[in-house]
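# Descriptive structure summary
Residues per chain, in single letters:
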Amino acid sequence: MARLRITYRKSSIGYSEDQKATIRSLGLRKLHQTVEHKDTPAIRGMVFKVKHLVTVEEIADDEDES
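Notes on the structure in this doc start here. (Residues numbered from 1 in each chain as written. Predicted model: local features only at pLDDT ≥ 70, side-chain atom pairs only at ≥ 80, totals over all residues. Heavy atoms only, no water.)

### Notes on the sheet that holds strand β1 (residues 3–8)
To keep things clear, this is the line we draw: When DSSP locates at least two bridges between a pair of strands, those strands are taken to pair. Secondary structure counts use DSSP, requiring at least four H or I residues in a row for a helix and at least two E residues in a row for a strand, with both numbered from the N terminus. Axes here mean lines fitted to C-alpha atoms, for a helix over just the part in contact, with angles spanning 0 to 180 degrees between N-to-C directions.
The strand order across the open sheet formed by three strands is β2-β1-β3, and the pairing between neighbours is antiparallel. If you trace the sheet from one side to the other, it starts and ends with β2 (34–38) and β3 (54–59), each paired once. The sheet shows a mean angle of 25 degrees between the axes of neighbouring strands, direction not considered. One ladder, built from five bridges, connects β1 with β2; its direction is antiparallel. Among the inter-strand pairings, T7 is bridged to a residue of β2, identified as T34.

### Concerning the nonpolar core
The tendency in soluble globular proteins is for nonpolar side chains to be buried side by side. Heads up, the rule is: Definition of nonpolar core: a set of buried residues of the types Ala, Val, Leu, Ile, Met, Phe, Trp, Tyr and Cys, connected through side-chain atoms within 4.5 Å. Burial here depends on accessible area, computed with a 1.4 Å probe over protein chains only, as a share of the maximum for the residue type. Under 20% is buried, over 50% is exposed, and the range in between is partly exposed. Here, two residues are considered to be in contact whenever any of their heavy atoms come within 4.5 Å of each other.
Counting twelve residues, the largest nonpolar core consists of L4, I6, Y8, I23, L26, L28, V35, I43, V47, V50, L53 and V54. Among the elements of the structure, β1 and α2 (41–49) are those that each provide at least two residues to this core. Every residue in contact with V54, bar those within four places of it in the chain, is listed here: I6, T7, Y8, R9, I23, L28 and V47.

### Side note on unusual backbone geometry
Positive phi outside glycine occurs at H32, with the angle close to 70 degrees. Tracing the backbone through its elements, the reader meets H32 in the loop between α1 (17–25) and β2.

### What about α1?
To keep it simple, the criterion reads: Directions drawn from the helix axis to the C-beta atoms are what define this arc.
Those residues of α1 that sit buried are Q19, K20, T22 and I23. In an axial view of α1, the angular spread of the buried residues amounts to 160 degrees, which keeps them on one side of the axis. On its buried face, α1 is in contact with β1, α2 and β3. After α1 finishes, the residue G27 shows a positive phi value of roughly 95 degrees.

### Some remarks on the environment of H37
Here is the rule we go by: Polar contact criterion, stated in full: a pair of N or O atoms within 3.5 Å, where within protein one must be able to donate a hydrogen and the other to accept it, and residues adjacent in sequence count only if both atoms are side-chain atoms.
Tracing the backbone through its elements, the reader meets H37 in strand β2. In this structure the C-alpha to C-alpha distance between H37 and F48, which are eleven residues apart in sequence, comes to 14 Å. At a separation of 2.7 Å, a polar atom in the side chain of H37 contacts the main-chain carbonyl oxygen of L26.

Spelled out as structure tokens, the structure:
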């Protein structure tokens, strides 16, 4: 399963409380902080809600498939 690298790029000051809560629940506390999460529909939905505040990179897993 792929992973997502999410970086907090823009402050949530001035945005609604639910967007601030989404940023916090993604594990982001400070600007320019980066976290990695599994690529799940729940995480994708959270990222979609705050896409104007974060940047997202998709990372391929390094597991060998046999």
